[in-house]
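# Summary of the model geometry
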Amino acid sequence: MSAFPEVVELNVGGTAYAVSLKTLLAEEGSWLQDTFGGGSPPPDLPVDAGGHYFIDRDGGLFRHVLDYLRDPARYTVPIGFLERDRLRREAEHYRLAGLIELLGKQVPGCITVGYRGSFQFGRDGLADVKFRKITRLLVHGRVALCREVFGDTLNESRDPDHGGSDRYTARFFLKHVFIEQAFDMLQEQGFRLVASCGSGTAGSVSENLKPGVDTEENRWNHYNEFVFVRD
């Protein structure tokens, strides 16, 4: 006979859960099965002041662990989920081989990074500003993938079409201006560069310019796009 009731009350990192014993024992060889599947509670399993079994792990992420255990064959990582690495660490702690394997699979897709830039030169009377580079990094693609790759470096303030994360957008840009950093983040998430293109500098000197735009600076305007794919 099990020492645990059919419904087990847990305190995981300060978050309370009530879960069936069957769910906790669902995966063979897991830490949860070893802990709650014996004839008596392990001596190193603490109990909080309310009588709940205490597990000193991430309480918020534990709900994903339970969702997986309830139906492993149909569980999928939520779209736009930004804590995949942290959840993988939790899965490793609980020795959930199926969840570890699932988290190792990456969703295929395509992201385009646009690199728009110019050079600004000092004007008469502004001797302290002789030369500087002005850039902006634009991001186009499926919202969920963009968030997965760029996380909190992604600026969504210019995107007017708030809604589902499975939609596409061409309105994101990055909070930083380092294209090498963007490339590193894409590579870390398994993306590879498959194509690129670039515009020439601005047209002839005689073309009509917007008020306040310097003729010489206008020559240095450029735009490049880099297409990344994850299979």
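Rules used in this analysis
- Residues numbered from 1 in each chain as written.
- Predicted model: local features only at pLDDT ≥ 70, side-chain atom pairs only at ≥ 80, totals over all residues.
- Heavy atoms only, no water.
- Helix = DSSP H or I, 4+ residues; strand = E, 2+ residues; numbered from the N terminus.
- Contact = heavy atoms within 4.5 Å.
- Areas by Shrake-Rupley, 256 points an atom, 1.4 Å probe, with all protein chains shown as cover.
- Core = buried A, V, L, I, M, F, W, Y, C linked by side-chain atoms within 4.5 Å.
- Buried < 20%, exposed > 50% of the residue type's maximum accessible area, 1.4 Å probe, protein only.
- Phe/Tyr/Trp six-rings, centres within 6.5 Å; stacked < 30°, edge-to-face > 60°.
- Pairing = 2+ DSSP bridges.
- Axes fitted to C-alpha atoms, helices over the stretch in contact; angles between N-to-C directions.

Within the chain one finds eight helices and nine strands. Long-range pairs, those at least 24 residues apart, make up 63% of the contacts in the chain between residues at least 6 apart in sequence. Looking at the chain as shown, the accessible area adds up to about 13400 Å², and 51% of this sits on carbon and sulfur atoms.

Attention now moves to the environment of Leu69. With respect to the secondary-structure elements, Leu69 resides in helix 3 (residues 62-70). Setting aside anything within four residues of it in sequence, one finds Leu69 in contact with Thr23, Ala26, Glu27, Leu32 and Leu96.

Another aspect to go through is the nonpolar core. Counting 28 residues, the largest nonpolar core has Leu10 and Phe36 as its most contacted members. Within the residue set of this core, elements represented by two or more residues are strand 1 (7-12), strand 2 (15-20), helix 1 (21-24), helix 2 (31-36), strand 3 (53-55), helix 3, helix 4 (84-93) and helix 5 (97-104). Broken down by element, the residue count for this core peaks at five residues, all from helix 3. Residues within four places of Leu10 in sequence aside, it is in contact with Thr15, Ala16, Tyr17, Val19, Leu24, Phe36, His52, Tyr53, Ile55 and Phe62. Counting 20 residues, the second-largest nonpolar core is a separate cluster that includes Val143, Leu145, Leu154 and Met185.

Turning our attention to unusual backbone geometry. Phi at Arg95 takes a positive value of approximately 55 degrees, unusual for a residue other than glycine. Within the secondary structure, Arg95 is located in the loop between helix 4 and helix 5.

This part is about helix 3. Along helix 3, the residues that are buried comprise Phe62, His64, Val65, Leu66, Tyr68 and Leu69. Residues of helix 3 that are buried sit in contact with strand 1, strand 2, helix 1, helix 2, helix 4 and helix 5.

This next bit is on the packing of aromatic side chains. Going through the model one piece at a time under the given rule, you end up with nine aromatic pairs. Aromatic side chains Phe4 and Tyr53 sit 5.1 Å apart centroid to centroid with 65 degrees between the ring planes, which places their arrangement in the edge-to-face category. A residue pair is termed long-range when its members are at least 10 positions apart, and Phe4 in the segment before strand 1 and Tyr53 in strand 3 qualify at 49 residues. Grouping aromatic residues by their ring pairs yields a cluster made of Tyr17, Trp31, Phe62 and Tyr94.

By the secondary structure assignment, Asn221 is in the loop between helix 8 (215-218) and strand 9 (222-230). Given the relative accessible area of 29%, Asn221 is considered partly exposed. C-alpha of Asn221 to C-alpha of Thr135: the two residues are 86 residues apart in sequence and 9.8 Å apart in space.

A word on the sheet that holds strand 1. Spatially, 2-1-3 is the arrangement adopted by the three strands of the open sheet, whose pairing is mixed. One side of each edge strand has no neighbouring strand; the edge strands of this open sheet are strand 2 and strand 3. Neighbour-to-neighbour, the strand axes of this sheet turn through a mean angle of 35 degrees, independent of strand direction. In this sheet, strand 3 lies alongside strand 1 in parallel orientation, the contact comprising three bridges. Within the sheet, the bridge partner assigned to Leu10 lies in strand 3 and is Tyr53. Packed on one face of the sheet, helix 3 meets strand 1 and strand 2 and runs near 10 degrees to strand 2.

Inspection of the secondary structure puts Leu154 in strand 6 (residues 154-155). What Leu154 contacts, discounting residues up to four positions off in sequence, is Val139, Cys146, Arg147, Phe172, Phe173, Leu174 and Lys175.

Such coordinate-based values are descriptive only and should not be taken to indicate function.
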